[in-house]
Amino acid sequence: MFLKVIEWATNAPDIVVWKYPVGNDTIERGSSLTVREGQAVVFCDKGRMADVFLPGMYKLDTDTLPVLTKLLSWKYAFQTPFKSDIYFVSTKRFTNLKWGTATPIMIRDKDYGAVRLRAYGTYAFRVDDPYIFLKEISGMSTEFRTQEITDHIRSLLVTGLSDAVAESGIPVLDLAANLLELGDAVCQSLGKRLKSSGIGLTDFRFESVSLPPELEKALDETARLTMMRGTMDVYTQMAQADAMREAAKNPGTPGSAIGAGLGLGMGMQMAQAFSASASSTAPAAAKKPSAGRTCAACGASVAAGAKFCPECGQPLAAHCPECGAAVSAGAKFCPECGKKLR
């Protein structure tokens, strides 16, 4: 039988390469080849890849099969019938493919040294060069699915991820906040390696990056202590109050002595607090002026130690040199002991 129309009508979502079932059929001059959008076709003769066709409709003749014409030694024109392997390659974008690290990846961090990381996420790719892809990856397989290319990409992932993290310079603790940038870096790093296989890595995303349990526990403890640092006095006083309460419930036990000690410590703290409060108010009290005397003549207030009234100018009362009693100005004898003053 002669093949009149060659096409791939049904395209499964996970098939990358599909070999057209030629069987015992042959291709004759003028046969029609239909290549839909998202497809490419490669003709092969005895394992040797020849012509590549991009989306469009073609009539197979000498002009449309230049490489195959040369391989089949057609010196003058298309000779029929002939047989050839025909491979349809899907060039669409395969998305939402899962990836993950089978074993932890060793990363050198400037703060924590060597750290083991686990990560997982999604990626997308397409076949950019069908000729190279068939030559390097799928070969002459009858069918090639995304699962097989996923295994190939995963084998390159460990090296690509380690290099990307090292080149990005992002600290381990900041990875979670920079997953988008890290994904772009890995995509660029892996893309260079996959390009030689005819594959274009169009997207690479992280969904999660996990640290070793020991490091996560240490980080949680550090965060807890940091939160408590500003309120450590409050926590101490609460602990002391709880100890005193428990000691009061169990008098005469060793715990009561401990509680008493804690209570004493708390009392000392309170005493220090009151002492500090009193000392802060002492200067104000010292600055308060002391009460003075009054003038016997006019009744005006007179400062302590003054000898004359600032209002009327009268001499103020003196003191008896014998008994120290206050005497009025001009007195000749002390009213208390009778000593002669002048």
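In what follows, the structure referred to is the one given above.
Residues numbered from 1 in each chain as written. Predicted model: local features only at pLDDT ≥ 70, side-chain atom pairs only at ≥ 80, totals over all residues. Heavy atoms only, no water.

(A) Molecular detail of helix α2 (residues 130-138). Residues of α2 that are buried: Pro130, Phe133, Leu134 and Ser138. Viewed end-on, α2 has its buried residues packed into an arc of 95°, placing them on one side of the element. Two residues or fewer after α2 comes Gly139, characterised by a positive phi angle close to 65°. (Buried < 20%, exposed > 50% of the residue type's maximum accessible area, 1.4 Å probe, protein only. Helix = DSSP H or I, 4+ residues; strand = E, 2+ residues; numbered from the N terminus. Arc of directions from axis to C-beta.)

(B) Representation of the side chain of Ser197. Take Ser197: it is sitting in the loop between α4 (179-195) and β12 (199-210). The buried category is assigned to Ser197, whose relative accessible area is 9%. Once you skip the residues sitting within four places of it in the chain, Ser197 turns out to touch Ile132, Phe133, Glu136, Ile137 and His152. (Contact = heavy atoms within 4.5 Å.)

(C) Expanded view of empty space enclosed by the protein. Considering all chains together, one arrives at two cavities of 30 Å³ or more under this definition. When residues in the lining of the largest cavity are grouped by element, the largest group, three residues, is from strand β10 (residues 113-127). Tallied by class, residues from the lining of the largest cavity come to nine nonpolar, one polar and one charged. What the second largest cavity holds in volume is close to 40 Å³. Elements supplying a minimum of two residues to the lining of the second largest cavity: β8 (94-100) and α3 (146-168). Of the residues forming the lining of the second largest cavity, the biggest block, four residues, is contributed by α3. (1 Å grid on protein atoms, 1.4 Å probe; cavity = no way out; pocket = protein on both sides within 12 Å on 5 of 7 lines; lining within 4 Å. Points joined across faces, edges and corners; volume = space filled by probe spheres on them. Nonpolar A, V, L, I, M, F, W, Y, C, P; charged D, E, K, R; others polar.)

(D) Structural detail: the environment of Gln147. Looking at the secondary structure, you find Gln147 in helix α3. Gln147 gets classed as partly exposed once you look at its relative accessible area, which sits at 49%. Along the sequence, Gln147 and Asp14 sit 133 residues apart, while their C-alpha atoms lie 7.9 Å from each other.

Distances and angles like these do not, on their own, reveal function.
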